[in-house]
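Geometric and topological summary
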Amino acid sequence: MAKKRTKSKSKKTATTAKKKVSFKPSKQNKIIFGSLLIVLSIALFFSFMSFYFTWQEDQSMLSQFADRNAEASNLLNKFGANVSHFFMYKGFGLASFIFPILLAITGLYLFLGLNGTRLISKWIWGLVGVIWVSVALGFFAAEFPLLGGLIGYEMNDFLQDYTGKIGVFLILIFVLMVILVRLFNFTPEGFANFFKRQKQKIKSDFNEEPSTQTTTESTLDNDEGSIELTTEDTVPEKIDTYTHKKDIPPLDEAGLDVNIPEEEESDIDLKVEETTIEEETDAKAAKLVEDFGEFDPKLELGNYKFPTLDLLEAHGASGGITINQEELEENKNRIVSTLKNYKIGIAQIKATIGPTVTLYEIVPEAGIRISKIKNLEDDIALSLAALGIRIIAPIPGKGTVGIEVPNKNATIVSMRSVIASNKFQKAEMELPIAFGKTISNETFVVDLAKMPHLLMAGATGQGKSVGLNAVITSLLYKKHPAEVKFILVDPKKVELTLYNKIERHFLAKLPDSEEAIITDNTKVINTLNSLCIEMDNRYELLKSAMVRNVKEYNTKFKARKLNPNDGHKFLPYIVLVIDEFADLIMTAGKEVETPIARLAQLARAIGIHLIIATQRPSVNVITGIIKANFPARIAFRVTSKIDSRTILDAQGADQLIGRGDMLYTQGNDVTRLQCAFVDTPEVAKITDYIGSQRAYPEAHLLPEYVGEESGTSLDNDIADRDAMFREAAEVIVTAQQGSASLIQRKLKLGYNRAGRIIDQLEAAGIVGPFEGSKARQVLVPDMYSLDQLLENEAK
Ligand SMILES: Nc1ncnc2c1ncn2[C@@H]1O[C@H](COP(=O)(O)OP(=O)(O)OP(=O)(O)O)[C@@H](O)[C@H]1O
């Protein structure tokens, strides 16, 4: 059955292919026919030429065409004599030379496979020209009838019978004017542009590949040619690269002129069309790149200098970690004896010295179950009697047990050392961040673009602000102002103010706001909603560019494959940093949660990344939806095991020693790191250095967001209600559960729309007010009461 269907299908396609062939000559046939016309035009040309020298001798030969012995003097013998006699003598005289010219042009179009739409007008104007020339020659050179030909002569005679000599003269002048105005664009400025346009036309005809000839050519044929020329002349060079609109054929039109090879199946044709379009756009882009180079987003601040290393302090850590042999020995002995107390024998012990802690890796004796050690975790920590001991049993992927013991003298990991490290300098990442050093003293570099958002928590004074500065500093050392923009939210008002100096380089803000750094919690909502609009806009751009993420988009844009006239632009990464998220949630409430959750869920592909720091990682601050979308988390020291679990989904953050000692997780493994230390004066130096350089005229502007005023959301205006209002009310009342997500699910609505409906339901008194994480109370007990309520309202 299936076979049958495919068979009939292929038959069908074959017939359509055949049909197409019958309408459209194949490429080979076009070449053959084109060559024939060219040869014919040459033959005619030579015949006509020699006609003027031989016509008298050849006149007697005309009747002997069939006689093989008879020979004419024309260069093309009897054929030439006869054809010339027909065209020149009996026809249009000298004007007949226009015929071989028209034939030659037609032949060339066919031979090169050019689009023939312009040919028709050429022929029409050619014929008008032939008649005009022959009549004009018949009029002005009546004594030389060979110049005007018989038709020229007769037409002249005919016209003179009716209009007289002056009438014919006026007719000739009028037709000449028509020809000049229509064909040569005879306007004062058009006439001047004519020659330029002709040059352009010829270029476009012969330079373009056959299939690129599209209907855009016909626009050149009309009178707008001059406008295009002026555009090209006046637009500055850089933008000019994109004004060659006609050079980039619209996708659907480009396919129209693809030659369909004879008897080929239609699906093969389709492939041919697709690749041609791709290749074409690529070819155009390649040409633009060849002419103007790749688009360089950094060009506007071409002289921008990245901050130098000497702006950072070494913090006395130049000597590296000092190994205290005594301390090592002492700790080892304590570990061994403690474990012995619990009857855990050790086969092997190995120490790895880090900047703040030393990891003792233990291989237990055969037969000892790791679960036993795990159960004794707290007791062992107690016996070792040291702050900041963390036991990892087993170390993932190793089968050994790790005990991390703090060093007596912790080494500060300077930002300078991590920035200077090879690993960071050579990092081929989109948004590289050097957090600090691992326990084995390796620089730890991760890509924020891959995280894709970061959640940071830690009790006060444990190193959060330093951590945030380390993140921002890393990006400042690696990224050009054109590539990344920060949105900084700082409710504490003091932590991030230093970055004000780089507002016009690296910060983004709302168009109407004065300060780029947001310190007022109520203003955050507008910024977040504006970011959501930016996100939606970016998704549209990505969609129209047919790419999946911002990296591919920017690569395509740089390669000049996306036209800025269509709204495309280089998209910098946007990093939203929120310090003291708990404070924000407390003051601005749930309103900020919705856009944050939306951004966290969707913004990764379009280059918007969030970094959220909070002192209190309690569940009502870091809700499930936020947590789920922040796989990358950092915990500085927290005060309780519960906080540790909230932030990391694991214990351990409560056992850190503070001062930048941190745990990092991006999924499963938890890595202990010593955060790089960057002090406020260092940040000041960096921002001064950047701030003193030439900047953009203003901060990067986010899309405007007009906030919904509080009155409108609770406006009980029946006319303004959503079309799904009643259905939503029924869903809520039936389920007796007042949640937007229920409406979203049941009625398949978007989050925003469902939220709006819930507001309207509240205004109508169907659900109660917002109650934090709990669902709203449903105030209408059953469907009957709902009907009554809505009916009363309508009255
Ligand atoms: N990575 C680090 N290396 C060395 N010392 C550090 C490090 N991070 C922080 N510290 C020390 O801890 C102090 C407090 O750090 P920080 O200001 O970052 O804490 P915080 O968590 O932001 O506190 P708060 O929440 O009150 O603002 C710093 O002044 C510094 O002395």
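Residues numbered from 1 in each chain as written. Predicted model: local features only at pLDDT ≥ 70, side-chain atom pairs only at ≥ 80, totals over all residues. Heavy atoms only, no water.

Take the site of the ligand next. Thr460, Gly461, Lys464, Ser465 and Lys492 are the nearest of the 18 residues found near the ligand. The backbone of glutamine 462 places a nitrogen or oxygen atom 3.3 Å from an oxygen atom of the ligand. Contact between the ligand and glycine 463: an oxygen atom at 3.2 Å from a main-chain N or O atom of the residue. Within the complex, the protein chains bury 78% of what would otherwise be the 620 Å² of accessible surface of the ligand. Secondary-structure elements contributing two or more residues to the shell around the ligand are helix 18 (464-478) and strand 14 (670-675). (Near = heavy atom within 4 Å. Polar contact = N/O pair within 3.5 Å; in protein donor to acceptor, adjacent residues only side chain to side chain. Areas by Shrake-Rupley, 256 points an atom, 1.4 Å probe, with all protein chains shown as cover. Helix = DSSP H or I, 4+ residues; strand = E, 2+ residues; numbered from the N terminus.)

So, on to unusual backbone geometry. Residues methionine 451 and proline 452 are joined by a peptide bond in cis, for which omega reads -5 degrees. For proline 452, the position within the fold is in the loop between strand 6 (443-447) and strand 7 (454-457). Although it is not a glycine, asparagine 77 sits at a positive phi angle of roughly 50 degrees. Assignment of secondary structure puts asparagine 77 in helix 3 (residues 77-89). For asparagine 77, a relative accessible area of 29% gives the class partly exposed. In this structure, arginine 659 is a non-glycine residue whose phi angle is positive, near 50 degrees. Structurally, the position occupied by arginine 659 is in the loop between helix 25 (641-648) and strand 13 (661-666). Owing to a relative accessible area of 68%, arginine 659 belongs among the exposed residues under this scheme. (Buried < 20%, exposed > 50% of the residue type's maximum accessible area, 1.4 Å probe, protein only.)

Let us now look at the side chain of histidine 609. Mapped onto the secondary structure, histidine 609 falls in strand 11 (residues 608-614). Take histidine 609: its relative accessible area is 1%, and that puts it in the buried class. Setting aside its immediate chain neighbours within four residues, histidine 609 contacts Leu431, Leu448, Ala449, Pro452, His453, Tyr573, Ile574, Val575, Leu576 and Arg604. (Contact = heavy atoms within 4.5 Å.)

As a further point, take a nonpolar patch on the surface. On the surface, Phe140, Ile166, Phe169, Leu170, Ile173, Met177 and Val181 cluster together into a nonpolar patch covering about 670 Å² of accessible area. Per element, the largest residue contribution to the nonpolar patch is six residues, and it comes from helix 6 (residues 145-184). Turning to its location among the elements, isoleucine 173 is positioned in helix 6. When its relative accessible area of 40% is taken as the criterion, isoleucine 173 is described as partly exposed. (Patch = residues over 30% accessible without salt bridge, like charges linked within 9 Å, V, L, I, M, F, W, Y side chains within 5 Å. Salt bridge = Lys/Arg side-chain N within 4 Å of Asp/Glu carboxyl O.)

We now examine the UniProt feature "transmembrane region" (unreviewed entry) in the protein. With numbering matched to this structure, UniProt assigns "transmembrane region" (unreviewed entry) to residues 31-55, 92-112, 124-142 and 162-184. Regarding residues 31-55, the helix share stands at 100% and the strand share at 0%, and the terminal C-alpha atoms are separated by 34 Å. (UniProt positions renumbered as here; feature names shortened; annotations may be inferred.)

Let's shift gears to the packing of aromatic side chains. Any two aromatic rings considered together are summarised by their centre-to-centre distance and by the angle between their planes. What the rule picks out here adds up to 17 aromatic pairs. Both rings, one in phenylalanine 139 and one in phenylalanine 140, keep their centres 4.9 Å apart while their planes meet at 90 degrees; by these two values the pair is edge-to-face. Accessibility expressed as a relative area gives 13% for phenylalanine 139, which makes it buried. Taken together, Phe45, Phe46, Phe48, Phe86, Phe87, Phe92, Phe97 and Phe99 form an aromatic cluster joined through their ring pairs. (Phe/Tyr/Trp six-rings, centres within 6.5 Å; stacked < 30°, edge-to-face > 60°.)

Parts of the model with low pLDDT should not have their predicted coordinates read in detail. For the protein, the average pLDDT comes to 78, and 80% of its residues sit at 70 or higher. Confidence scores differ between elements of the protein, with helix 9 (residues 225-234) showing the lowest mean pLDDT of 33 and strand 10 (residues 573-578) the highest of 94. Within the model, the stretch residues 208-277 combines pLDDT values under 50 with 103 contacts to residues more than four positions away or in other chains. (pLDDT = per-residue confidence, 0-100.)

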